[in-house]
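# Residue-level structure breakdown
So the chains spell out like this:
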Amino acid sequence: MTREAPAVILILLFALTISACEVTDNPSEATASEAAGEYDLVIRNGKVLDGSGAPWYRADVGVQGERIVAVGDLANADAGRTIDASGLYVAPGFIDLHSHAAPGLATEELSVAHPLLAQGITLVVVNPDGGGPADLLDQEGELIEHGLGVNVAQFITHGAVRGAVVGMEDRAPTGSELEEMRELVRTAMEHGAVGLSSGLFSAPGSFAETDELIELAKVAAEYGGFYSSHIRDESNYTVGVVASVEEVIEIAREAGLPGNVTHIKSLGPPVWGSSVDIIERIEEARREGVEIWADQYPYEASSTSLTAMLIPSWAQEGGQEALDRRLDEQDERERVREAVLENLERRGGAGRLQFARYEDDPTIEGRTLAELAGERGVDPAELTMDLVHGGGPGMVSYNMDSDDVHRYMRQPWTATSSDGGLPRMGEGVPHPRTYGAFPRKIRTYVLQEDVVDLATAIRSMTALPAAIMRLQDRGLIREGSYADIVVFDLDRLRDHATFEEPHQLSEGMIYVLVNGELAVDGENFTDALS
């Protein structure tokens, strides 16, 4: 297959209402095109889940160039290629609202994005959690250097903007500094950013007051962007998870833009059950006219660095060198130790924390903090401080309750996301969401546990995230949309990645089109960069 030039990296924003991103639930209206014609590709006889949340209906889909040009009875149509989708489902390509795949996509080896395509993902939104570059054009250049196997949209991140202007200091910006931060956000939005992301749990985002975030979100609002936040506290570390969700609501209300609680969760035994209160707060805000959304990865375990999990934010002020100095000074080390012990309790103990990746000592990957502490004859708090000195490993934390996971998943305003990266095969022990989030939601929570139905799950992966992003022509199987399309075998669709052996591709995606070009053809990767 011939490789074409890389597609445009930035997804343009459209000043649309949410309803403009949705279609009727009446299949007869959605299948109006029934004329013979010439198509590059026709997908025949599939069970179409169009993304709107409507049940499947039988239809053919005609593709010309990058676009879907017909949906209906195309039995008499001429086509350069025909795919028989009998017994298979046809849906829009999946949109991942929270992806850490940018570093991998910027490499020649991983630009083809096989782990993403195997899940049916055709568009990723990168730079979540307030982390990423302040200069999006530089990142764009890195991403398109080798071409791209999936579409990419970019956040401008609060952490990068604050870091560039204020650094790692725990203080409010001066008036001139805040204006400089506004201009960095403005420049990024003018270059095509879809919104502003923040990570308020970790430094430097944790040093920001709400007013600062409102001012920067106002700039994103001028360009039709949205605000997505790793909230200040997903447990009871500081202000608590409920108050942290309320902060997103306040920022969205005051800045006049959509707000998104990213990877929504109730983390740790002390806050299990808080989903009931949080859902009511979000519903109340929406009744008041504040546009609040959430995204969620379908697992009961989270992942971040050991530093972010257990080290208090005050100890991180000034960056890694300052943290190291505090750990070397006995009185300060004891203060850190007390905080680590409290945070271990919040996380349910050291036995719930598993090492994911540690370049300094890969032999500990896949083991728990409790196991390693026992082997070394030290307590978990002391081991934690030793490991984060000079850096620190990535971790997986088993800390969620299934009832909370189910409640969040059932909400019509909760989209699906992965929070996954794009590592080299065999590199570290990453969270399995990297390889399996989207198929897992369907296999586990649709087919096995019946938490949501299939059409609802597909909507959460397609039309819903497109609506949050204000994308007019992705996320739906309809005439005029970009031909990001997945054709999958529901009986075979499943994730294989586990916490112990995560480097396993999902299966069941038979065909995947990205902008009208086959990236997966008969379950085989084409390595198209479309």
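Residues numbered from 1 in each chain as written. Predicted model: local features only at pLDDT ≥ 70, side-chain atom pairs only at ≥ 80, totals over all residues. Heavy atoms only, no water.

### Let's talk about the overall build of the protein chain
The test is simple: Secondary structure elements follow DSSP: runs of H or I of four or more residues count as helices, runs of E of two or more count as strands, with numbering from the N terminus. The size measure is the radius of gyration over C-alpha atoms, and the globule rule it meets is 2.2 Å times the number of residues to the 0.38 power. Working definition: with a 1.4 Å probe on protein chains only, accessible area under 20% of the residue-type maximum means buried, over 50% means exposed, and in between means partly exposed. It only takes one pair of heavy atoms within 4.5 Å for two residues to be counted as in contact. The accessible surface values rely on the Shrake-Rupley method and a 1.4 Å probe; as for residues, cover is taken only from the protein chains in view. A positive count includes Lys and Arg, and a negative count includes Asp and Glu. His and the chain ends are not counted in either. Just so you know, the charge point we use is NZ for Lys, CZ for Arg, CG for Asp and CD for Glu.
Scanning the protein chain from N- to C-terminus turns up 19 helices and 20 strands. For a compact globule of 530 residues, the expected C-alpha radius of gyration is about 24 Å, and the protein chain comes in at 23 Å, within 12% of that figure. Across its three principal directions, the C-alpha atoms of the protein chain cover 80 × 50 × 45 Å. For the protein chain, with 530 residues in total, the buried portion stands at 61%. When contacts within the protein chain are restricted to residue pairs at least 6 apart in sequence, long-range pairs at least 24 apart make up 77% of them. Summing over all exposed atoms, the protein chain offers an accessible surface of approximately 19,100 Å²; the carbon and sulfur share of this is 45%. The averaged location of the 89 negative side-chain charges in the protein chain is 3 Å from the averaged location of its 41 positive side-chain charges.

### Some details on helix 17 (residues 433–448)
Let me state the cut-off plainly: To estimate how far a helix should extend, the number of its residues minus one is multiplied by 1.5 Å.
With 16 residues, helix 17 extends only 18 Å from end C-alpha to end C-alpha; this falls clearly short of the ideal 22 Å at 1.5 Å per step. By the criterion of burial, helix 17 is predominantly enclosed, with 14 of the 16 residues buried. Just downstream of helix 17, Asp450 is the residue with a positive phi angle, here 55°.

### Points about the sheet that holds strand 11 (residues 259–261)
Basically, it comes down to this: When DSSP locates at least two bridges between a pair of strands, those strands are taken to pair. The angle between two axes is taken between their N-to-C directions and runs from 0 to 180 degrees, where each axis is a line fitted to C-alpha atoms and a helix contributes only its stretch in contact.
Read across the open sheet, the 8 strands follow the order 6-7-8-9-10-11-12-16; overall the sheet is parallel. Each edge of the open sheet carries a strand with a single partner, namely strand 6 (94–99) and strand 16 (414–416). Taking each pair of neighbouring strands and ignoring which way they run, the sheet shows an average axis angle of 30°. As judged from the 4 bridges shared by strand 7 (residues 121–126) and strand 8 (residues 151–157), these two strands associate in the parallel manner. Looking at the pairing, Val124 lines up with Val152 of strand 8. Here helix 17 sits on the sheet in contact with strand 6, strand 7 and strand 16, set at roughly 120° to strand 6.

### Here's the deal with the environment of Glu523
Stated precisely, the cut-off is as follows: Polar contacts here mean pairs of N or O atoms no more than 3.5 Å apart (in protein, one a potential hydrogen donor and the other a potential acceptor; neighbouring residues in sequence count only if both atoms are side-chain atoms).
Mapped onto the elements of the fold, Glu523 is located in the loop between strand 19 (517–521) and strand 20 (524–525). In this structure the side chain of Glu523 is engaged in a polar contact, spanning 2.6 Å, whose partner is the side chain of Arg492.

### Quick notes on the environment of His263
By secondary structure assignment, the location of His263 is in the loop between strand 11 and helix 9 (275–287). Once you skip the residues sitting within four places of it in the chain, His263 turns out to touch His98, Asp129, His230, Glu234, Asp295, Gln296, Tyr297 and Asp419. Polar contacts involving the side chain of His263 include one to the side chain of Asp129, which spans 3.3 Å.

### Considering the packing of helix 8 (residues 241–255) against helix 9
Helix-helix packing is described using two parameters, namely the angle between the two axes and the distance between the axes. Quick note on the threshold: Any angle that is under 35 degrees is reported as roughly parallel, and any over 145 degrees as roughly antiparallel; angles of 65 to 115 degrees are reported as roughly perpendicular and all others as oblique. Note on convention: near helix rotated counterclockwise from far helix by under a right angle means a left-handed crossing. Clockwise means right-handed. For this classification, the nonpolar set comprises Ala, Val, Leu, Ile, Met, Phe, Trp, Tyr, Cys and Pro, the charged set comprises Asp, Glu, Lys and Arg, and every other residue, Gly included, is treated as polar.
Direction vectors running N to C along helix 8 and helix 9 enclose 15°, while the axes themselves pass 10 Å from each other. Between helix 8 and helix 9, the crossing angle belongs to the class labelled roughly parallel. Crossing angle aside, the handedness with which helix 8 passes helix 9 is right-handed. For the pair formed by helix 8 and helix 9, the contact residues are Val241, Val242, Val245, Glu246 and Ile249 on the first element and Asp277, Ile278, Arg281, Ile282 and Ala285 on the second. Residue classes in the contact of helix 8 with helix 9 are distributed as 7 nonpolar, no polar and 3 charged.

### Concerning the packing of aromatic side chains
Selection rule: The pairing test for Phe, Tyr and Trp rings, Trp by its six-membered ring, is centres within 6.5 Å, and the orientation test on the planes gives stacked under 30 degrees, edge-to-face over 60, and tilted for anything in between.
One pass over the structure, following the stated rule, counts 6 aromatic pairs. On the numbers, 5.0 Å between centres and 70° between planes, the contact of Phe201 with Tyr237 is edge-to-face. Of the two residues, Phe201 sits in the loop between strand 9 (195–199) and helix 7 (210–222) while Tyr237 sits in the loop between strand 10 (226–230) and helix 8, which places them 36 residues apart along the sequence. When sorted by exposure, Phe201 lands in the same class as Tyr237, which is buried. What links up through ring pairs into an aromatic cluster is the set Tyr299, Tyr398 and Phe499.

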